[in-house]
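# Coordinates in review
Listed below are the residues making up each chain.
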Amino acid sequence: MKTIRVAAAVICDSLVEKKQIFATARGYGDFEGRWEFPGGKVEPGETPGQALIREIKEELDTQIAVGDLIGTIEYDYPTFHLSMDCFWCEIIEGNLELKEAKAARWLSKNHMRDVQWLPADLTIIEEIKRQMS
């Protein structure tokens, strides 16, 4: 089975307090409308942090700072294996302009289950909640 390596930005209101996180609804593909953390494929020669900075600039026209690794998700979808590094991130500059996503929301710890997450992203929600204020 083919492995796809990606990095995901768990963008929060503050790397210190982490009261809210930013999630987007996928605007295309088999899982259109399901919620995820923005990010994308790690290109050859790129670190996951570099990939996140590039992807968030492309997808949301926003510059971010990449913080600590929350964890790595290993998840088998029907046609590929996903290896996804999830990092805490915060906005340096920009307004999170949706260029690919269908919708977006800021979610507090108590509202994380209000959206229908992609299966892989769902596996790290409890760890994110544990690390939030």
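Check the entry above for the structure.
Presented here is an overview of the structure given in this document. These numbers come from a predicted model, not from an experiment. (Residues numbered from 1 in each chain as written. Predicted model: local features only at pLDDT ≥ 70, side-chain atom pairs only at ≥ 80, totals over all residues. Heavy atoms only, no water.)

### Thoughts on the pattern of salt bridges
Proximity of charged atoms lets side chains of opposite charge pair with each other. Counted under the stated rule, the structure contains 10 salt bridges. Across the pair Glu17 and Lys19 runs a salt bridge, and its minimum N-O distance is 3.3 Å. Since its relative accessible area comes to 47%, Lys19 is described here as partly exposed. As a salt-bridge pair, Asp61 and Lys57 come within 3.3 Å of each other at their nearest N and O atoms. Linked by salt bridges that have partners in common, Glu46, Arg54, Glu55 and Glu58 make up one network. (Salt bridge = Lys/Arg side-chain N within 4 Å of Asp/Glu carboxyl O. Buried < 20%, exposed > 50% of the residue type's maximum accessible area, 1.4 Å probe, protein only.)

### Topic: the packing of aromatic side chains
Tallied over the entire structure, the rule returns five aromatic pairs. Among the aromatic residues, those joined into a cluster by ring pairs are Phe31, Tyr75, Tyr77 and Phe80. The ring of Trp88 is capped by Lys18, whose NZ or CZ atom sits 5.0 Å from the centre of that ring. (Phe/Tyr/Trp six-rings, centres within 6.5 Å; stacked < 30°, edge-to-face > 60°. Lys NZ or Arg CZ within 6 Å of the ring centre and 35° of its normal.)

### Concerning the pairing of strand 6 (residues 81-94)
Sheet topology note: the strand 1 (residues 3-11)/strand 6 ladder contains nine bridges and is parallel. Each residue of the ladder has a partner; that of Val6, found in strand 6, is Met84. Pairing of strand 5 (residues 62-76) with strand 6 involves 12 bridges; the strand directions are antiparallel. When the bridges of strand 6 are listed, Thr72 appears paired with Asp85. Joining the antiparallel neighbours strand 5 and strand 6 is a turn of four residues. (Pairing = 2+ DSSP bridges. Helix = DSSP H or I, 4+ residues; strand = E, 2+ residues; numbered from the N terminus.)

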